[in-house]
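Below are the chains, spelled out letter by letter.
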Amino acid sequence: MKRLITQDLEKWKNSEDRMPLLLVGARQTGKTHSVMEFGKKNYADVAMFNFEAVKSLASIFEGDLEPKKIIRELERHSGRSIIPNETLLFFDEIQECGRAITSLKYFCEQAPEYHIIGAGSLLGSYLAGKKASLPVGKVNLLTMYPMTFREFLEEMNPFAAASIKESFRNDRNDRMHESMMELYRTFLFTGGMPKAVLKWKETNDPNAVRIIQYEILTLYSGDIGKYTTPAEQLKARAVYDSVPVQLARENTKFQYSMIGSRARAASYEDSLKWLISAGLVLKCQRVTDGAMPLHSFADMNSYKVYMGDVGLLNAKSDIPYNMIMGRTQGISGWPKGSMAENYVMQELTANGFTPYYWGVHGKAEVDFVVQDGEGKIIPIETKAADNVMAKGLREYVKLYSPEYSIRVPSKNFGFDNDIKSVPLYAVWCIER
């Protein structure tokens, strides 16, 4: 399947300032497949070394980390030539060998002619835990997320994207609105895990998709099992399992008391950080002011936590396909609104934003506030239903007078009273 990250990989390959690349992201987001496909199309050869599958590879990086020596050892191990500028050197599951990560510094300084990508399902959490010396300033970093709706659209209706983009630019009704809303609801069910999307494309079978989602959740549970001590593993699983429950409440601010009556931030904060760095969840902090830079006004103690993939949120919550599609009763406030919020958070994050939310405790709230590349602060209100009245957004506009606001409803495109309406299926058009 076509992944937009290929464009970033091509820019990396052709950059004059290219350094070894570390690709982070949750398990099953398609890192290995994307790197291999990119390598096959852009290089004469791809030399892949998996440090999890072949433990003996770590011995090559013991002692001296001189690049030429490492290349000779890798060639001897694989029985193939590694040619500068022609071979893509791919270190998969590189977090299993901290010395391999450290070696990237020396490749950058002494042998920049070698094109190297390192990736791994727990690489983000490994680096965040400082278990290896990250060669700061000597590597490029890139994050891979689950498939966005834009990528999902490429698989299901590749001709629709241009029309949606045009409607977004001109604030005019899109003639495919109803069919796109149907596709959006399908995406809420499948989520963006490539294996789940491919299974839907091949079979249109919700049960087959859900089995894959359960398998991925089991893999994630296993990954959490690699998290240091048994006590910390239990905490990380408790935090992860609480996310759907937290989102089910009217006030979706993350509360450790929802994990257990005696749960406190001091005991569980490290577990949450691990889940974030592993790509399993996304964190959205509250800002106390709608001014630039948003980061300066972040409230470190108030935040929401979303699942890394909306399809996994629904699988973890056991929300049936027909209910998500609106074909059966029972989908009222939850999970409809929270599903939409989780989806929007994913899309904005994948588009390069750091989303925050704005709120005055107990009075008003705006779902998301982002800062674009020009420094503009844009409030974004999500509405899963046709009701587009938003008290929080009105309060925000009165206080901060933004150049414009964005409302994300189930209605068609439009622009009225400095509020740009962007249908749920077009959030990918909001670019940094």
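Notes on the structure follow. (Residues numbered from 1 in each chain as written. Predicted model: local features only at pLDDT ≥ 70, side-chain atom pairs only at ≥ 80, totals over all residues. Heavy atoms only, no water.)

With that settled, consider the overall build of the chain. Per the secondary structure count, the chain includes 16 helices and 13 strands. Taking 432 residues into account, the globule formula puts the C-alpha radius of gyration at 22 Å, and the chain, at 22 Å, falls close to it. Principal axes of the C-alpha set define a box for the chain whose edges measure 65 × 55 × 45 Å. Counting every position in the chain, which comprises 432 residues, the buried fraction comes to 55%. Of the contacts made within the chain by residues no fewer than 6 positions apart, 69% connect residues no fewer than 24 positions apart. Put simply, the chain shows about 19100 Å² of open surface, and 48% of that area lies on carbon and sulfur atoms. (Helix = DSSP H or I, 4+ residues; strand = E, 2+ residues; numbered from the N terminus. Rg over C-alpha atoms; globule rule 2.2 N^0.38 Å. Buried < 20%, exposed > 50% of the residue type's maximum accessible area, 1.4 Å probe, protein only. Contact = heavy atoms within 4.5 Å. Areas by Shrake-Rupley, 256 points an atom, 1.4 Å probe, with all protein chains shown as cover.)

Between helix 9 (residues 194–203) and helix 10 (residues 206–224), the least distance of the axes is 9 Å, while the angle of their chain directions is 165 degrees. The angle between helix 9 and helix 10 places the two elements in the roughly antiparallel class. Of the two possible hands of crossing, helix 9 and helix 10 adopt the one that is right-handed. Mapping the contact onto sequence places Lys-195, Ala-196, Lys-199, Trp-200 and Thr-203 in helix 9 and Pro-206, Ala-208, Val-209, Ile-212, Gln-213 and Glu-215 in helix 10. When the residues that make up the contact of helix 9 with helix 10 are grouped by side-chain class, the tally is six nonpolar, two polar and three charged. (Axes fitted to C-alpha atoms, helices over the stretch in contact; angles between N-to-C directions. Parallel < 35°, antiparallel > 145°, perpendicular 65-115°, else oblique. Left-handed = near helix turned anticlockwise from the far one by under 90°. Nonpolar A, V, L, I, M, F, W, Y, C, P; charged D, E, K, R; others polar.)

Between side chains of opposite charge, pairing is possible as soon as their charged atoms come close. All told, the structure shown has 21 salt bridges when counted by the stated rule. One continuous salt-bridge network, built from bridges that share partners, spans Arg-27, Glu-52, Asp-223 and Lys-226. (Salt bridge = Lys/Arg side-chain N within 4 Å of Asp/Glu carboxyl O.)

Let us now look at unusual backbone geometry. The residue after Met-292, namely Pro-293, is reached through a cis peptide bond having omega -5 degrees. Phi is positive for Asp-171, which is not a glycine, with a value near 50 degrees. For Asp-171, the location among the structural elements is in the loop between helix 7 (160–170) and helix 8 (177–190). Under the relative-accessibility criterion, Asp-171 is labelled partly exposed at 24%. The backbone phi angle of Asn-417 is positive, close to 55 degrees, even though this residue is not glycine. Secondary-structure assignment places Asn-417 in the loop between strand 12 (414–416) and strand 13 (419–421).

With that settled, consider the nonpolar core. Nonpolar side chains tend to gather and get buried jointly when the protein is soluble and globular. The biggest cluster of nonpolar side chains holds 82 residues, and the ones touching the most others in it are Phe-149 and Leu-280. Considering every element that reaches this core, the biggest residue donor is helix 8, with seven residues. For Leu-280, the residues in contact, after removing those within four places along its chain, are Ala-26, Tyr-220, Ile-224, Tyr-240, Trp-274, Leu-275, Met-307 and Gly-308. Among the nonpolar cores identified, the runner-up in size contains 28 residues, and Leu-57, Ile-101, Phe-107 and Leu-127 belong to it. (Core = buried A, V, L, I, M, F, W, Y, C linked by side-chain atoms within 4.5 Å.)

All of the buried residues along helix 16 (residues 391–400) are Gly-392, Leu-393 and Tyr-396. Projected down its long axis, helix 16 shows its buried positions confined to an angular sector of 95 degrees, all on one face. Summarising the geometry of helix 16, the exposed residues directed more than 90 degrees from the buried face are Lys-391 and Lys-398. In the core, the buried residues of helix 16 are packed alongside strand 8 (356–360), strand 9 (364–371), strand 10 (377–382), strand 11 (405–408) and strand 13. (Arc of directions from axis to C-beta.)

One pass over the structure, following the stated rule, counts zero disulfides. We note that Cys-97 lacks a disulfide partner, and the nearest cysteine sulfur, in Cys-108, lies 18 Å from it. Classification of Cys-97 by relative accessible area gives buried; the value is 5%. (Disulfide = S-S within 2.5 Å.)

Moving on, we get to the environment of Leu-424. Relative to the helices and strands, Leu-424 resides in the segment after strand 13. The sequence separation of Leu-424 and Pro-409 amounts to 15 residues, and the corresponding C-alpha distance is 5.9 Å.

Turning next to helix 10. With 19 residues, helix 10 extends 27 Å from end C-alpha to end C-alpha; this agrees with the ideal 27 Å at 1.5 Å per step. Where helix 10 is concerned, the buried positions are Ala-208, Val-209, Arg-210, Ile-212, Gln-213, Ile-216, Leu-217, Tyr-220, Asp-223 and Ile-224. Buried residues along helix 10 sit in contact with helix 8, helix 9, helix 11 (230–248), helix 12 (265–277) and helix 13 (310–317). One side-chain oxygen of the residue at the start of helix 10 lies 3.0 Å from the amide nitrogen of Asn-207, identifying that residue as Asp-205. (Expected span 1.5 Å × (residues − 1). Polar contact = N/O pair within 3.5 Å; in protein donor to acceptor, adjacent residues only side chain to side chain.)

It is worth spelling out the environment of Leu-153 at this point. Here Leu-153 is to be found in helix 6 (residues 149–156). By relative accessible area, Leu-153 is classed as buried at 0%. Measuring from C-alpha to C-alpha, the distance between Leu-153 and Ile-212 comes to 20 Å, with 59 residues separating the pair along the chain.

Before going further, it helps to examine the sheet that holds strand 2 (residues 45–50). Within the open sheet, the five strands sit side by side as 2-3-4-1-5. Their pairing is parallel. Across the chains shown, the open sheet's two edge strands, defined by having one partner strand only, are strand 2 and strand 5 (140–143). If you compare each strand with its neighbour and ignore which way they point, the axes differ by 20 degrees on average. Across five bridges, strand 3 (residues 87–92) lies against strand 4 (residues 115–119) in parallel orientation. Its bridge partner lying in strand 4, Asp-92 is registered against Ala-119. In this fold helix 2 (residues 31–42) packs onto strand 1 (21–24), strand 2, strand 3 and strand 4, with an angle of close to 170 degrees to the strand it touches most, strand 3. (Pairing = 2+ DSSP bridges.)

The next thing to look at is the packing of aromatic side chains. A full pass over the atoms with the stated rule returns 21 aromatic pairs. A ring pair is formed by Phe-187 and Tyr-343, whose centres lie 6.0 Å apart and whose planes are at 75 degrees; its orientation type is edge-to-face. In this pair, Phe-187 sits in helix 8 while Tyr-343 sits in helix 15 (residues 333–350), placing the two residues 156 residues apart along the sequence. Here the two residues Phe-187 and Tyr-343 agree in accessibility, since each one is buried. The interplanar angle of 85 degrees and the centroid separation of 5.1 Å between the aromatic rings of Phe-254 and Tyr-256 together place this pair among those described as edge-to-face. With relative accessibility at 4%, the residue Phe-254 sits in the buried group. By relative accessible area, which is 8% here, Tyr-256 ends up buried. What links up through ring pairs into an aromatic cluster is the set Phe-149, Phe-152, Tyr-184, Phe-187 and Tyr-343. (Phe/Tyr/Trp six-rings, centres within 6.5 Å; stacked < 30°, edge-to-face > 60°.)

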